[in-house]
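# Structure assessment
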Amino acid sequence: RYLPRRFALTLGNTSEHQIALYHSPMGARLGKAGGIYGQVGFDNGRVAAWALLDLTVTPSLGKALQFVAQTDGHGEFRLPLERLPALGKDAPSPTYLARLKIRASTASSPANPLNPDTLTPVALATGKDDNGQSQFANHLDFTIAPGKVTRIASPDHPMIVLKST
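It should be emphasised that the depicted structure is a prediction, and the values quoted were computed from it without experimental measurement.

Parameters and conventions
- Residues numbered from 1 in each chain as written.
- Predicted model: local features only at pLDDT ≥ 70, side-chain atom pairs only at ≥ 80, totals over all residues.
- Heavy atoms only, no water.
- Phe/Tyr/Trp six-rings, centres within 6.5 Å; stacked < 30°, edge-to-face > 60°.
- Lys NZ or Arg CZ within 6 Å of the ring centre and 35° of its normal.
- Helix = DSSP H or I, 4+ residues; strand = E, 2+ residues; numbered from the N terminus.
- Buried < 20%, exposed > 50% of the residue type's maximum accessible area, 1.4 Å probe, protein only.
- Salt bridge = Lys/Arg side-chain N within 4 Å of Asp/Glu carboxyl O.

### Remarks on the packing of aromatic side chains
Within the structure shown, the criterion is met by zero aromatic pairs. Between the NZ or CZ atom of Arg83 and the centre of the ring of Phe67, over which it lies, the distance is 4.6 Å.

### With respect to unusual backbone geometry
Non-glycine residue Trp50 carries a positive phi angle of around 65 degrees. If you trace the backbone, Trp50 turns up in the loop between β1 (35-42) and β2 (52-58). Assessed through its relative accessible area of 5%, Trp50 is described here as buried. Phi at Asp156 takes a positive value of approximately 65 degrees, unusual for a residue other than glycine. Mapped onto the elements, Asp156 comes out in the loop between β10 (149-151) and β11 (160-162).

### With respect to the pattern of salt bridges
On inspection of all chains with the given rule, the structure shows two salt bridges. A salt bridge links Asp54 to Arg103, with the shortest nitrogen-to-oxygen separation between them at 2.9 Å. Of the two residues, Asp54 sits in strand β2 while Arg103 sits in strand β5 (residues 96-104), which places them 49 residues apart along the sequence. We note a salt bridge from Arg99 to Asp141, for which the minimum N-O separation is 2.7 Å. Taken together, the residues span a long stretch of sequence, with Arg99 in strand β5 and Asp141 in strand β9 (residues 140-144) at a distance of 42 residues. A relative accessible area of 43% means that Asp141 is categorised as partly exposed.

Pasting the structure below:
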């Protein structure tokens, strides 16, 4: 149900440590609040194995909510949005704004899980220009409808595409 990970800790008598574990795509349950799913890969064709997705959702009322998921060795993920509030009858919009940032490594290997604490931010494809070249930014913005399960991909791409250099 959880993805494997590497970690390094210095243990002592008076220290407490926490190790974040992330659900595998098959272990993540998408409930009534909905969620997102998809695949992440680099612009050179390699999958983004073990990448971390940081999603910020801003409801029309209230504070922004943070969600985190990790891709598996195939670059696939499912991210439940369990704490996302339902829309009221008089909601000003039928969707919430979402911003996705990703930390990944081009050196990742599907067969060798890595320490997610060592991942660095990467640029995400936000569409293509008139010549068909991918355009990149440090985040991808989109909207989320509470209660829906949505496949997320970079605009004009079959998956979320990351810059490999």
